[in-house]
Number of protein chains: 2
Amino acid sequence: MRIVAALGGNALLKRGEPLDAGVQRENIRKAAVALAPLAEGYELVLSHGNGPQVGLLALQAASCTGSEPYPLDILGAETEGMIGYMIEQELRNLLPPEIPVATILTMVEVDASDPAFKNPEKYVGPVYTKKQADKTAQKRGWSFRQDGDAWRRVVPSPEPVRIFEIKPLRWLIEKGAIVICTGGGGIPVAASGEGRYSGIEAVIDKDLASGLLAADLSADFFIMATDVKGVYLNWRESNEELIRETTPEFLREHRFPPGSMGPKVEAACRFVESTGKTAAIGSLEEINDIAAGKAGTIVRREG
Amino acid sequence: MRIVAALGGNALLKRGEPLDAGVQRENIRKAAVALAPLAEGYELVLSHGNGPQVGLLALQAASCTGSEPYPLDILGAETEGMIGYMIEQELRNLLPPEIPVATILTMVEVDASDPAFKNPEKYVGPVYTKKQADKTAQKRGWSFRQDGDAWRRVVPSPEPVRIFEIKPLRWLIEKGAIVICTGGGGIPVAASGEGRYSGIEAVIDKDLASGLLAADLSADFFIMATDVKGVYLNWRESNEELIRETTPEFLREHRFPPGSMGPKVEAACRFVESTGKTAAIGSLEEINDIAAGKAGTIVRREG
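Treat the numbers as computed from the prediction; the structure is a model and nothing was measured.

Reading guide: rules and limits
Sequence order as written defines residue numbering, which begins from 1 separately in each chain. In the order they appear in the text, chains get letters beginning with A and ligands get numbers beginning with 1. Restriction of local features to residues with pLDDT of at least 70 applies here, the model being predicted, together with a cutoff of 80 or more for giving and counting side-chain atom pairs; totals for whole chains, interfaces and linings are based on all residues. For the side-chain quantities, the full set of heavy atoms in the structure was used; hydrogens and water were omitted. Note on aromatic contacts: the rings of Phe and Tyr and the six-membered ring of Trp form a pair at centre separations within 6.5 Å, being stacked when their planes are under 30 degrees apart, edge-to-face when over 60 apart, and tilted otherwise. Buried means the residue's accessible area, taken with a 1.4 Å probe over protein chains only, is under 20% of the maximum for its type, while exposed means over 50%, and partly exposed covers the values in between. Working definition: helices are DSSP H or I runs of at least four residues, strands are E runs of at least two. Numbering for both runs from the N terminus. In this analysis the charged atom, NZ for Lys or CZ for Arg, is taken to sit over a ring once it is within 6 Å of the ring centre and within 35 degrees of the ring normal. We place the copies in one frame by least squares, fitting the C-alpha atoms of every residue whose pLDDT is at least 70 in both. In this analysis, two residues are considered to be in contact whenever any of their non-hydrogen atoms come within 4.5 Å of each other. We define buried area as the total accessible area lost by two parts upon association, computed with a 1.4 Å probe and summed across both. For salt bridges, the criterion is a side-chain nitrogen of Lys or Arg within 4 Å of an Asp or Glu carboxyl oxygen. Distance and chemistry together define a polar contact, namely a pair of N or O atoms within 3.5 Å, with one atom able to donate a hydrogen and the other to accept it when in protein, and with adjacent residues in sequence counting only for side-chain atoms on both sides. Under this grouping Gly is polar, as are all residues other than the nonpolar Ala, Val, Leu, Ile, Met, Phe, Trp, Tyr, Cys and Pro and the charged Asp, Glu, Lys and Arg. Here a cavity denotes a set of grid points, spaced 1 Å apart and computed over the protein atoms alone, in which a 1.4 Å probe fits but from which it cannot get out, and a pocket denotes an open set meeting protein on both sides within 12 Å along at least five of seven lines; residues with an atom within 4 Å of a point are reported as lining. Grid points are joined across faces, edges and corners, and a volume is the space filled by probe spheres set on the points. Whether two strands pair comes down to DSSP finding at least two bridges between them. In this description, a line fitted to the C-alpha atoms serves as the axis of each element, helices being fitted only across the stretch in contact, and the angle between N-to-C directions of two axes falls anywhere from 0 to 180 degrees. Two cysteine sulfur atoms form a disulfide, by the criterion used here, when they sit within 2.5 Å. The cut-offs work like this: below 35 degrees is roughly parallel, past 145 is roughly antiparallel, 65 to 115 is roughly perpendicular, and the gaps in between are oblique. By convention, the crossing between two helices is left-handed when the near helix turns anticlockwise from the far helix through less than a right angle, and right-handed when the turn is clockwise.

> Residue-level account of the packing of aromatic side chains, with values.
In total, this model carries eight aromatic pairs over all chains according to the counting rule given. Centre to centre, the rings of Tyr 232 of chain A and Trp 235 of chain A are 5.1 Å apart; their planes meet at 40 degrees, and the pair counts as tilted. Residue class for Tyr 232 of chain A comes out buried when judged on its relative accessible area of 16%. What makes Trp 235 of chain A partly exposed here is its relative accessible area of 34%. Pairing Tyr 128 of chain B with Phe 144 of chain B gives two aromatic rings, centres 4.9 Å apart and planes at 80 degrees, and the pair type is edge-to-face. In this pair, Tyr 128 of chain B is assigned in strand 5 (residues 122–128) and Phe 144 of chain B in strand 6 (residues 143–147), connecting sequence segments 16 residues apart. In this structure Tyr 128 of chain B comes out as buried when scored by relative accessible area, which is 10%. A cation over an aromatic ring shows up here: Arg 153 of chain B above the ring of Trp 142 of chain B, its NZ or CZ 3.8 Å from the ring centre. If you follow Arg 162 of chain B out to its NZ or CZ, it ends over the ring of Tyr 197 of chain B, 5.4 Å from the centre.

> Please set out the relation of the copies chain B and chain A residue by residue, giving values where relevant.
Under the fitted operation, chain B is carried onto chain A by 0.0 Å of movement along the axis and a turn of 180 degrees, and the coordinates agree to an RMSD of 0.0 Å. One copy is carried onto the other by what is essentially a two-fold rotation axis. In this assembly the copies share their binding face: 100% of the residues contributing to the interface of chain B also contribute to that of chain A.

> Pulling in residues and values, what's your account of the interface of chain B and chain A?
Contact with chain B, which involves 54 residues of that partner, is made by 55 residues of chain A. The largest contributions to the chain B side of the interface with chain A come from Tyr 70, Tyr 85 and Trp 171 of chain B, which together make up 15% of the buried area. A salt bridge links Glu 90 of chain A to Arg 196 of chain B; its shortest N-O distance comes to 3.2 Å. Linking chain B with chain A are twelve residue pairs in polar contact (both at pLDDT 80 or more). Where the side of chain B that touches chain A is concerned, the elements lending two or more residues are helix 2 (21–41), helix 3 (51–63), helix 4 (72–94), strand 3 (101–103), helix 6 (166–174), strand 10 (187–191) and strand 11 (197–199) of chain B. Among the elements that take part in the side of chain B that touches chain A, helix 4 of chain B stands out by supplying 15 residues, more than any other. For the side of chain B that touches chain A, the class distribution of residues is 27 nonpolar, twelve polar and 15 charged.

> I'd love a proper account of empty space enclosed by the protein, names of residues and values included.
Considering all chains together, one arrives at three cavities of 30 Å³ or more under this definition. Each pocket or cavity is described by its volume, and for the largest cavity that value is around 50 Å³. Asn 50, Gly 76, Gly 184, Gly 186 and Pro 188 of chain A are the residues nearest the centre of the largest cavity, which is lined by 14 residues in total. The set of elements that each furnish at least two residues to the lining of the largest cavity consists of helix 4 (72–94) and strand 10 (187–191) of chain A. The element that contributes the greatest number of residues to the lining of the largest cavity is helix 4 of chain A, accounting for four residues. Looking at the lining of the largest cavity residue by residue, the classes come out as eight nonpolar, five polar and one charged. Approximately 50 Å³ is the volume found for the second largest cavity. Around the second largest cavity, the lining residues are Asn 50, Val 54, Leu 72, Gly 76, Gly 183, Gly 184, Gly 186, Pro 188, Ala 202, Val 203 and Ile 204 of chain B. Looking at the lining of the second largest cavity residue by residue, the class counts come to six nonpolar, five polar and no charged.

> Tell me about the sheet that holds strand 7 (residues 150–155) of chain B, and name the residues and values.
All names here are of chain B. Across the sheet, which stays open at both edges, the three strands sit in the order 5-7-6 with antiparallel pairing between neighbours. Of all the strands in the sheet, just strand 5 and strand 6 have a single pairing partner and so form its edges. Ignoring which end each strand starts from, the neighbouring axes of this sheet average 40 degrees apart. Looking at chain direction, strand 5 and strand 7 are connected through four bridges and run antiparallel. Looking at the pairing, Lys 122 lines up with Val 155 of strand 7.

> Tell me about the environment of Ala 116 of chain A, and name the residues and values.
Residue and element names in this part refer to chain A. Within the secondary structure, Ala 116 sits in the loop between strand 4 (107–109) and strand 5 (122–128). A residue is classified by how much of its surface remains accessible, and Ala 116, at 12% relative accessible area, is buried. Each C-alpha atom, one on Ala 116 and one on Ser 157, is 5.7 Å from the other, the two residues being 41 residues apart in sequence. Beyond its immediate stretch of four places on either side in the chain, Ala 116 contacts Pro 156, Ser 157 and Pro 158.

> Give me the lowdown on the state of the cysteines, citing residues and values where you can.
Covalent bonding between the sulfur atoms of two cysteines is what defines a disulfide. Tallying each qualifying case throughout the model produces zero disulfides over all chains. Note on Cys 181 of chain B: no disulfide assigned, nearest cysteine sulfur contributed by Cys 181 of chain A at a separation of 18 Å. Using a relative accessible area of 2% as the deciding quantity, one classes Cys 181 of chain B as buried.

> Which residues make up the side chain of Ser 283 of chain B, and what values go with them?
Residues and elements named next belong to chain B. For Ser 283, the position within the fold is in strand 16 (residues 278–283). By relative accessible area, Ser 283 is classed as buried at 8%. For Ser 283, the contacting residues outside a window of four places in its chain are Thr 226, Val 228, Lys 229 and Ile 290.

> Explain the environment of Thr 136 of chain B to me, using residue names and the numbers behind them.
Residue and element names in this part refer to chain B. The topology assignment puts Thr 136 in helix 5 (residues 130–140). In the structure, Thr 136 is positioned 17 residues away from Arg 153 in sequence and 9.2 Å away in space, judged by C-alpha atoms. With residues near it in sequence (within four places) discarded, Thr 136 still touches Tyr 128, Gly 141, Trp 142 and Phe 144. Within polar-contact distance, the side chain of Thr 136 engages the backbone oxygen of Gln 132 at 2.7 Å.

> Give me the packing of helix 6 (residues 166–174) of chain A against helix 6 of chain B: which residues, what numbers.
Close contact between helix 6 of chain A and helix 6 of chain B brings their axes to 10 Å; oriented N to C, the two are set at 125 degrees. Classified by the interaxial angle, the pair formed by helix 6 of chain A and helix 6 of chain B is oblique. Where helix 6 of chain A crosses over helix 6 of chain B, the two elements pack in a sense that is right-handed. Only Pro 168, Trp 171 and Leu 172 of chain B of helix 6 of chain B make contact with helix 6 of chain A, whose side of the interface consists of Pro 168, Trp 171 and Leu 172 of chain A. Within the contact of helix 6 of chain A with helix 6 of chain B, the residues separate by chemical class into six nonpolar, no polar and no charged.

> Just give me the short version of the pairing of strand 7 of chain B, but keep the residues and values in it.
All names here are of chain B. For strand 7, the buried fraction is high: six of the six residues fall into the buried class. Alignment of strand 6 against strand 7, held across five bridges, turns out to be antiparallel. Opposite Arg 145, over in strand 7, you have Arg 152 as the bridge partner. Two successive antiparallel strands, strand 6 and strand 7, enclose a turn made up of two residues, where Gly 148 displays a positive phi of approximately 65 degrees.

This is the structure we're talking about:
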């Protein structure tokens, strides 16, 4: 069985935790402990979020006198290196040497005319006070939106259209390697004329890109691992209820919070609808039970 | 014929040029134009330097209030993402779609007891005045050394011992992919007990690591591309002379500047001595002539 598992930013970095390397590594070490049995039992492809990290790197570049802030495609590539390395190393430390682990940089094509570019709404980076946000918006030309009781930078989040490295990815999986790729939803690139492709200022939704990855790799199971047990009805209300097994039809009849569970539900529905295979949303700690169908929210076609 | 080509930092970024993304991309675009014919004619594996970039990222992290500077292994991983992405994209834009291009994160094992850790001497990052260097050394605990008439940060540069991802690299090359890897000499990791490996504060020499890569991949030709036409006798003296064809024995009888031509000559000698194959040092602009044996300094065993 071939599994594509997308590790949510919240699964790798709890809200409000500092972005120090040590904190990230400790969280990734815990994630690797949960993932290692999966890596030994299945063909496993891992993707991961990068929201907090890409925001920090943007902030660092901005606060570094003498250098222009790097665009989001390059910052995304940096986070694929940084986070991919830590996941690869921690997983490598837990797996027998005969199981190779490899991290592949992943470029994902988006459409430069995607409406998202007119309406930035993907949160990246740390939280700001209203005052800090206004000041930074003015200084950098960044867009900010309220996120809970704080403010965060928002960037365009266009639809993923195509994964450039799909052939090399397939070759490595077929050879038995555990592959880490499509970090942060992939490095956003768009056609720039004359058959050329160039990076573009955006952050692709990690779950939608991972679902595309899972479909293109003919995965049997697409799992989105986060910090909650699954998809809930009436989330955080007295009558909240975990959905254990469901269908795209049912999920599409309900609304889920944009920017958190919404994209995960959409990614699960798209994958199941387009492939007829199974998707799941659940807690990283329970990922082995999720793979066995015993935990999380399992999404299948009717019947 | 299988070629491993190591792109020198000076080939991708001229001394004194700003590290803006646009400048780097423009240089990498030029490099890709030189490399594309090679990629169409041979099995090609590319590595690259990261000295200026890793130094900038360290500086950015350091100057960013609220976050601890990241260690050099993580910064190295970031540069493998950033530089690897730009090389992959520019090369991708010049190659027919049937030739896949892939960038693989590369961890390289070093020995934690390597004497280099007691004697940091590898330059990274921008140039400082003496005053700035002293101030930063005090603030960060970094080591500095004079480089020409300026000062730069120096870090340990231990010997590369083993490349972790060699199997996946070989698989991709055998499938016909152009592979970018071992950027910046690879991400430095060392055994940390109980069969675990952890990142370590160092920068591995890119040429020595690339030579190890070329040997492990059974490359027929190991080319180090830089910004000079080759190895010179009496460099920058009235009687300076370009060496066109030579042997490890001859090169070992002479001394070359440490930190620039020295490691390249050492890497060439090691590769030729250990494999019996050919190495070359020369200008990136002339890399196609170098591959044809018509330019650069060609290093072979006697006879």
